[in-house]
Amino acid sequence: MMIDLTHTLTTSTEAPMSIWPGHPTLEMTKVATIPEQNANVTLISLGSHTGTHIDAPNHFIADGLTVDKYDLTKLVGRALVVDVRGKKAREMITWEDMREWEGQMHEGVIVLICTGWSQYWGKENYEEHPFMDLDAAKKLMETGVRVIGCDTLSPDNVCSPECKVHKVILGAGGMIAENLQGIEEVLALKDPFVSLLPLKLESCDGSPIRAIAWSAGGELISDT
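About the cut-offs
Residues numbered from 1 in each chain as written. Predicted model: local features only at pLDDT ≥ 70, side-chain atom pairs only at ≥ 80, totals over all residues. Heavy atoms only, no water. Core = buried A, V, L, I, M, F, W, Y, C linked by side-chain atoms within 4.5 Å. Buried < 20%, exposed > 50% of the residue type's maximum accessible area, 1.4 Å probe, protein only. Helix = DSSP H or I, 4+ residues; strand = E, 2+ residues; numbered from the N terminus. Contact = heavy atoms within 4.5 Å. Polar contact = N/O pair within 3.5 Å; in protein donor to acceptor, adjacent residues only side chain to side chain. Axes fitted to C-alpha atoms, helices over the stretch in contact; angles between N-to-C directions. Parallel < 35°, antiparallel > 145°, perpendicular 65-115°, else oblique. Patch = residues over 30% accessible without salt bridge, like charges linked within 9 Å, V, L, I, M, F, W, Y side chains within 5 Å. Areas by Shrake-Rupley, 256 points an atom, 1.4 Å probe, with all protein chains shown as cover. Salt bridge = Lys/Arg side-chain N within 4 Å of Asp/Glu carboxyl O. Arc of directions from axis to C-beta.

1. Topic: the nonpolar core
Inside soluble globular proteins, nonpolar side chains tend to come together where they are buried.
Okay, step 1: Formed by 25 residues in total, the largest nonpolar core has its most connected members in Leu-5, Leu-180 and Leu-196.
Okay, step 2: Of all the elements in the fold, those that place two or more residues in this core are strand E5 (76-83), strand E7 (110-114), strand E10 (175-178) and helix H5 (183-186).
Okay, step 3: Counting residues per element, this core draws most heavily on E7, which supplies three residues.
Okay, step 4: When sequence neighbours within four positions are dropped, the list of residues in contact with Leu-196 reads Ile-54, Leu-75, Ile-110, Val-147, Ala-177, Leu-180, Ile-209 and Ala-211.
Okay, step 5: Within the second largest apolar cluster, 24 residues are counted, among which are Val-111, Met-132, Ala-136 and Leu-140.

2. Things to note about the environment of Ala-89
Okay, step 1: As for its placement among the helices and strands, Ala-89 is situated in the loop between E5 and strand E6 (92-93).
Okay, step 2: As a C-alpha pair, Ala-89 and His-129 span 40 residues in sequence and 5.2 Å in three-dimensional space.
Okay, step 3: Those residues in contact with Ala-89 that sit more than four places away from it in its chain are Trp-117 and Glu-128.

3. A closer look at helix H4 (residues 164-171)
Okay, step 1: Val-165, His-166, Val-168, Ile-169 and Leu-170 are the residues of H4 that are buried.
Okay, step 2: In this fold, the buried residues of H4 make contact with strand E4 (53-55), strand E8 (131-132), helix H3 (134-142), strand E9 (147-150) and E10.
Okay, step 3: In the stretch just after H4, Gly-173 is the one whose phi turns positive, near 85 degrees.

4. A short note on the environment of Asp-97
Okay, step 1: For Asp-97, the location among the structural elements is in helix H2 (residues 95-98).
Okay, step 2: Residue classification places Asp-97 among the partly exposed residues on the basis of a relative accessible area of 24%.
Okay, step 3: Linking Asp-97 and Asp-133, residues 36 residues apart in sequence, is a C-alpha distance of 10 Å.
Okay, step 4: Those residues within four positions of Asp-97 in sequence are excluded, and the remaining contacts are Val-84, Lys-87 and Met-92.
Okay, step 5: A distance of 2.7 Å separates a polar atom in the side chain of Asp-97 from a polar atom in the side chain of Lys-87.

5. Considering the packing of H3 against H4
Okay, step 1: Two numbers describe how H3 lies on H4: the axes approach to 9 Å, and their chain directions differ by 10 degrees. Classified by the angle their axes make, H3 and H4 are roughly parallel. In contact with Leu-134, Ala-137, Lys-138 and Met-141 of H3, H4 contributes Lys-164, Val-165, Val-168 and Ile-169.

6. Some thoughts on a nonpolar patch on the surface
Okay, step 1: On the surface, a nonpolar cluster with roughly 320 Å² of combined accessible area is contributed by Leu-9, Met-28, Ile-44 and Leu-46.
Okay, step 2: Examined against the element boundaries, Leu-46 turns out to sit in the loop between strand E3 (41-45) and E4.

7. A word on H3
Okay, step 1: Burial in H3 covers these residues: Ala-136, Ala-137, Leu-140 and Met-141. The buried residues of H3 occupy one face: seen down the axis, they fall within an arc of 135 degrees.
Okay, step 2: On its buried face, H3 sits against E6, H2, E7, E8, E9 and H4.
Okay, step 3: Gly-144, located one to two residues past H3, shows a positive phi value of around 105 degrees.

8. As for the pattern of salt bridges
Okay, step 1: Taken as a whole and judged by the stated rule, the model has nine salt bridges.
Okay, step 2: One salt bridge connects Asp-191 with Arg-78, and the closest N-O pair in it is separated by 1.8 Å. Of this pair, Asp-191 sits in the loop between H5 and strand E11 (192-195) while Arg-78 sits in strand E5, placing them 113 residues apart in sequence.
Okay, step 3: On the basis of relative accessibility, which here comes to 38%, the residue Arg-78 falls in the partly exposed class.
Okay, step 4: Here the residues in one salt-bridge network are Lys-87, Glu-91 and Asp-97, joined through shared partners.

Below, the structure written as structure tokens:
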């Protein structure tokens, strides 16, 4: 069983995408069509942090690694879902909220923060998501975890321009996948793995990704 954790990139006004304030919007333009040129070709314009994407250290760390230089083996691995769906709008996610899973956090594990907020994708209140406490981010890095994913616009409070959680994680050489969807479905997987592979964009600070999760044992927890 494979779970698609990726939002659809679309220019639709009926089902709009959520975008970080001030970032480029997605544009897709047909430059060739089958009736006229015997093939369909589309010109695509978007930001490096559009849709479901991953932040490289260079996003906030001047000498940090870019997506084309990052170790890809760190972006495919065992997934650990931290379920904090009880959090309300703009509520802080503390280390106490995450402590339950501390024993499973270690180097090589990809931590997925599940707030359930992907249900508001494309809506005004998507920006009002819960966010991670700075101390929680520091303690998470102390466990050896270097890659996290969230079903929100950011692990930081969108209202905070400092993006301190980003700087802690990326400053430790980590990567952050944002705007994931359906993380709650990963909870049903036995021995879940996740892939967060970016495009190989030279010297780029981030990249859209096609995030997926699957069970290494090919089973659901309810099957056992």
